[in-house]
Amino acid sequence: MAQSKRYSERASAHTNPTAIRLFQIMERKQTNLSVSADVTTKAELLRITDAVGPYICCLKTHIDILSDFDHDLIDQLTALAKKHDFLIFEDRKFADIGNTVKLQYSSGVHKIASWSHITNAHIVPGEGIVKGLAEVGIPLQRGLLLLAEMSSAGSLATGEYTLEALRIARRNKEFCIGFIGQRRLEGLIPVEEKEDFIYMSPGVGLTSKGDGLGQQYRTPREVILDSGCDVIIVGRGIYGSGDTVENAKTYQKAGWDAYLERIEK
Ligand code: 6AU
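About the thresholds
Residues numbered from 1 in each chain as written. Predicted model: local features only at pLDDT ≥ 70, side-chain atom pairs only at ≥ 80, totals over all residues. Heavy atoms only, no water. Core = buried A, V, L, I, M, F, W, Y, C linked by side-chain atoms within 4.5 Å. Buried < 20%, exposed > 50% of the residue type's maximum accessible area, 1.4 Å probe, protein only. Helix = DSSP H or I, 4+ residues; strand = E, 2+ residues; numbered from the N terminus. Contact = heavy atoms within 4.5 Å. Near = heavy atom within 4 Å. Polar contact = N/O pair within 3.5 Å; in protein donor to acceptor, adjacent residues only side chain to side chain. Areas by Shrake-Rupley, 256 points an atom, 1.4 Å probe, with all protein chains shown as cover. Nonpolar A, V, L, I, M, F, W, Y, C, P; charged D, E, K, R; others polar. UniProt positions renumbered as here; feature names shortened; annotations may be inferred. Pairing = 2+ DSSP bridges. Axes fitted to C-alpha atoms, helices over the stretch in contact; angles between N-to-C directions.

Thoughts on the nonpolar core
Counting residues in hydrophobic clusters, the biggest one holds 83 residues, and the most contacted among them are Leu-22, Leu-33, Ile-118, Leu-133, Leu-146, Phe-179 and Met-200. At six residues, helix H10 (residues 244–264) tops the list of elements feeding residues into this core. In this view, Leu-22 contacts Cys-57, Cys-58, Leu-87, Ile-118, Ile-198 and Met-200; residues no more than four positions away in its chain are not counted.

See the structure below:
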């Protein structure tokens, strides 16, 4: 099972260039932390990114919440990704038919595919969404995560829907590198062949249990050790209060310690 292997071992066995880079960065920097910088100005986003850069494997963005987006921001984020050695994940949550998402991914103001190593999609429209995104993403060597489960209370992504995300990913392995979810899914249906999906899990907090708007938090240990996920996604737990750098270090350590405990089990 992938969850008992080291990230470096998984890097050597993988075939998707983005998945390989992510595993290599995780091992090199000893971090399975992705920071979600959900702020609305370019200056704040760049400030947080430069501050947390040394402690993360991946920066998660919501590019459409910025009120002063411009292409210089993309140049600066790309430079910070090189400086601090992390990947960029635009949390776009595509949810339309294949032809539409293809245009949303490649074009418009944001041109997401041109700079974001990883993006994600709901499977509500069916497999065509993956096919459409793949037409743009595969030539650029990008990776896609499918939303198999959500962290929010009352999420409808459960049961058969969640299993269908796994089946769709299995049929589209060249581009689907994994899932946004709350736990590893492989145990739920038989493993058909050698495969290794990356599980990135949001809803992570060490102090808070929720946000009053449906978000639900678990600790890094619950996510990495108990649920077998690979990457913790932390937003307000890092930039919401206190010292951003100290918070990032705390989550990096908590996530990495849980991973070490998992592989040594
Ligand atoms: O740590 P928070 O609660 O401040 O932020 C969590 C981040 C937000 C959400 O849009 C995102 O994670 N998210 C996602 C993702 C990553 O796709 C899925 C989900 O189920 N829950 C969730 O919070 O940017």
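Digging into the site of the ligand
Of all residues adjacent to the ligand, which total 18 residues, the nearest are Asp-38, Lys-60, Ser-151, Tyr-217 and Arg-236. Contact distances for the ligand include 2.7 Å between a nitrogen atom and a side-chain N or O atom of Ser-151. A distance of 2.8 Å separates an oxygen atom of the ligand from a polar atom in the side chain of Arg-236. If the ligand stood free it would expose 510 Å²; the protein chains cover 91% of that surface. Mapped by element, the contributors of at least two residues to the shell around the ligand are strand S3 (87–94) and strand S8 (231–234). Taken together, the residues that form the shell around the ligand break down as seven nonpolar, six polar and five charged.

Side note on the UniProt feature "binding site: substrate" (unreviewed entry) in the protein
What UniProt calls "binding site: substrate" (unreviewed entry) maps, in this numbering, to Asp-38, Lys-60, Ser-151, Gln-215, Gly-235 and Arg-236. For Asp-38, the residues in contact, after removing those within four places along its chain, are Lys-60, His-62, Ile-65 and Tyr-239. Looking at Asp-38, its side chain comes within polar contact range of the side chain of Ser-36, at 2.9 Å. On the basis of relative accessible area, Gly-235 is assigned to the buried category, the value being 14%.

Topic: unusual backbone geometry
The backbone of Asp-85 shows a phi angle near 65 degrees, a positive value even though the residue is not glycine. Tracing the chain through its elements places Asp-85 in the loop between helix H4 (71–84) and S3. What makes Asp-85 partly exposed here is its relative accessible area of 23%. Backbone geometry at Lys-93 places phi at a positive 45 degrees, although glycine is not the residue there. Structurally, Lys-93 can be placed in strand S3.

A word on the sheet that holds strand S6 (residues 176–180)
Adjacent strands of a sheet pair through backbone hydrogen bonds, lying either parallel or antiparallel. Read around the barrel, eight strands follow the order S1-S2-S3-S4-S5-S6-S7-S8 and close on themselves; strand pairing throughout is parallel. The average angle at which neighbouring strand axes cross in this sheet is 25 degrees, direction not considered. Examined bridge by bridge, strand S7 (residues 198–201) and S8 share two bridges and lie parallel to one another. Within S8, the position partnered with Met-200 by the bridge is Val-231. Packed on one face of the sheet, helix H6 (residues 128–137) meets S3, strand S4 (118–121), strand S5 (143–147) and S6 and runs near 160 degrees to S5.

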